Amino acid sequence: MATLWIDGLCKKYPAFYLDHVTFEVGEGKIMGFVGRNGAGKTTTLKSLFNYVHPDEGEVYFFGLNFRDNEAEIKSRVGYVGSDGSYYTQKRIRTITGVTKTFYPDWDEKIYQDCLRRFGLDENKKLKELSEGMKVKYQLTLALSHHAQLLVLDEPTSGLDPVSRDDLLDLFQDLVERDGVSILFSTHITSDLEKCADEVTYIQNGKILYTGKRDGLTQKYILLEGETAKLTEPELGKLIGYRAHKGEFTAMIPRTLQEEFSHFTVKEPTIEDVMVYLERE
């Protein structure tokens, strides 16, 4: 059974349309939700919890319809938004004291363990924490009420490379040690290479790919060569074609690799796939 199943989610704005978004997050998996800024990642995540009211579609957590089981689901899910949500002048101890009253299954032992594990000082004000520590604090609150699924909106955005790497290691540890599932959105594709089991790629409100992480890169191959050697029929098959000083770079479906064997081919990264597809 999927931990999270999103089926045909739609939301229409004057200048943007979230178009029948469908994908699922498997139990004990890390799903990276990737796309450029404005592609629909945050709209999708907020629609899961009715922070944004979708026009169509269904959302199921643990096999339960969110609309009819909101209270139970929220007690089993931790959400970390990209815009922050707490009173920055308040001390961690005060914020926690209020937060835990909303969760009958609050586990003080887990909370104290997380404080030690993440190096958090309860006497500090939220504004005194680094961006990475703020994310760890929000994760602490989620784990302390036994969240089985973490939904994270751009949790590594704005972090330095060391802090980002530390947080990604933490995600893997949470899955292996605590058995949680994680859905996290990002536009930093190297994050996916580091820790994601699966990837969902959204472009202009539509899902272009969802599945195993390596499955996305296995669909394509990169090309390099002399522009003059390209024929018109070949040119029409290229994805994200760019030419400079007599040389070109492009991407093609892997199924066409034999047709282009007279050019240099390279294996793409997830970032390569995104860049070339977004050029179209």
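A quick note: this is a predicted structure, and the numbers were derived from the prediction, not measured.

Asker: Even after reading the chapter, I still don't get the overall build of the chain, so can you show me in this structure?
Answerer: Along the chain, the regular secondary structure elements total 10 helices and 14 strands. Its C-alpha atoms give the chain principal-axis dimensions of roughly 70 × 40 × 35 Å. Scored against the burial criterion, the 280 residues of the chain give a buried share of 47%. Taking the contacts inside the chain whose residues are at least 6 apart along the sequence as the reference set, 67% of them involve residues at least 24 apart.

Asker: Even after reading the chapter, I still don't get the nonpolar core, so can you show me in this structure?
Answerer: Soluble, globular proteins show a tendency: their nonpolar side chains are buried together. Judged by nonpolar contacts, the single largest core of 49 residues is most densely connected at Tyr-137, Leu-139, Leu-150, Phe-171 and Ile-182. Counting residues per element, this core draws most heavily on helix α5 (residues 131-144), at seven residues. Each residue touching Tyr-137, except ones within four places of it in the same chain, is listed here: Ile-92, Ile-95, Thr-96, Tyr-111, Leu-120, Leu-126 and Leu-129. Among the nonpolar cores identified, the runner-up in size contains 24 residues, and Leu-4, Leu-9, Leu-18 and Phe-23 belong to it.

Asker: Help me understand the packing of aromatic side chains in this model?
Answerer: The description of two aromatic rings rests on the distance between their centres and on the angle between their planes. On inspection of all chains with the given rule, the structure shows 13 aromatic pairs. Pairing Tyr-241 with Phe-248 gives two aromatic rings, centres 6.1 Å apart and planes at 35°, and the pair type is tilted. Through pairs of rings, three or more aromatic residues link up here, namely Phe-49, Tyr-51, Phe-61, Phe-66 and Tyr-79. For the cation-ring pair, Lys-11 lies above Tyr-13, with the distance from its terminal atom to the ring centre recorded as 5.5 Å. When the ring centre of Phe-62 is taken as origin, the NZ or CZ atom of Arg-76, which lies over that ring, is 3.9 Å away.

Asker: Sorry, what's going on with unusual backbone geometry here?
Answerer: One can expect most non-glycine residues to show negative phi and most peptide bonds to be in trans. For His-20, which is not glycine, the phi torsion reads 50° and is therefore positive. Position of His-20 among the secondary structure elements: in strand β2 (residues 16-25). Even without being a glycine, Asn-50 presents a positive backbone phi close to 65°. Assignment of secondary structure puts Asn-50 in the loop between α1 (41-48) and β4 (56-61).

Asker: Explanation requested: the pattern of salt bridges in the structure shown.
Answerer: In a structure, side chains of opposite charge can pair up when their charged atoms sit close to one another. All told, the structure shown has 23 salt bridges when counted by the stated rule. Between Asp-19 and Lys-206 there is a salt bridge, with the nearest N and O atoms lying 3.7 Å from each other. Taken as a pair, Asp-19 in strand β2 and Lys-206 in strand β10 (residues 206-212) lie far apart in primary sequence, 187 residues in all. Close ionic contact of Arg-254 with Glu-267 constitutes a salt bridge, the shortest N to O distance being 2.8 Å. Residue Arg-254 is located in the loop between β13 (247-253) and β14 (264-266), and its partner Glu-267 is located in the loop between β14 and α10 (270-279); the two are separated by 13 residues in the primary sequence.

Asker: Whenever I open this one, the sheet that holds strand β11 (residues 220-226) confuses me. Can you help?
Answerer: Each strand in a sheet pairs with another by means of backbone hydrogen bonds, the pair being arranged parallel or else antiparallel. Ordered in space as β12-β13-β11-β14, the four strands form an open sheet in which the pairing is antiparallel. In the strand order of this sheet, the two ends are held by β12 (239-244) and β14, each with one partner. Strand-to-strand twist of the sheet, defined as the mean angle between neighbouring strand axes without regard to direction, takes the value 20°. Here α10 sits on the sheet in contact with β11, β12 and β13, set at roughly 100° to β13.

Asker: I would appreciate a short explanation of the environment of Arg-242 in the present structure.
Answerer: Following the sequence through the fold, Arg-242 ends up in strand β12. In the structure, Arg-242 is positioned 37 residues away from Arg-279 in sequence and 9.1 Å away in space, judged by C-alpha atoms. Contact partners of Arg-242, with chain neighbours within four places excluded, come to Glu-247, Phe-248, Thr-249 and Arg-279.

Asker: Where do I start with α1 in this structure?
Answerer: Quick reminder: α-helices carry 3.6 residues per turn. Residues three or four places apart thus point the same way. Across the eight residues that make up α1, a large majority, six, are buried. Listed in full, the buried residues belonging to α1 are Lys-41, Thr-43, Thr-44, Leu-45, Ser-47 and Leu-48. Once α1 ends, the next one or two residues include Asn-50, with phi positive near 65°.

Asker: Please explain the pairing of strand β7 (residues 149-153) as it appears in this structure.
Answerer: Most of β7 sits out of view: five of its five residues are buried. Here β7 shows two buried faces, one formed by Leu-149, Val-151 and Asp-153 and the other by Leu-150 and Leu-152. As judged from the four bridges shared by strand β6 (residues 77-80) and β7, these two strands associate in the parallel manner. Note that in β7 the partner of Tyr-79 across the bridge is Val-151.

Thresholds applied
Residues numbered from 1 in each chain as written. Predicted model: local features only at pLDDT ≥ 70, side-chain atom pairs only at ≥ 80, totals over all residues. Heavy atoms only, no water. Helix = DSSP H or I, 4+ residues; strand = E, 2+ residues; numbered from the N terminus. Buried < 20%, exposed > 50% of the residue type's maximum accessible area, 1.4 Å probe, protein only. Contact = heavy atoms within 4.5 Å. Core = buried A, V, L, I, M, F, W, Y, C linked by side-chain atoms within 4.5 Å. Phe/Tyr/Trp six-rings, centres within 6.5 Å; stacked < 30°, edge-to-face > 60°. Lys NZ or Arg CZ within 6 Å of the ring centre and 35° of its normal. Salt bridge = Lys/Arg side-chain N within 4 Å of Asp/Glu carboxyl O. Pairing = 2+ DSSP bridges. Axes fitted to C-alpha atoms, helices over the stretch in contact; angles between N-to-C directions.

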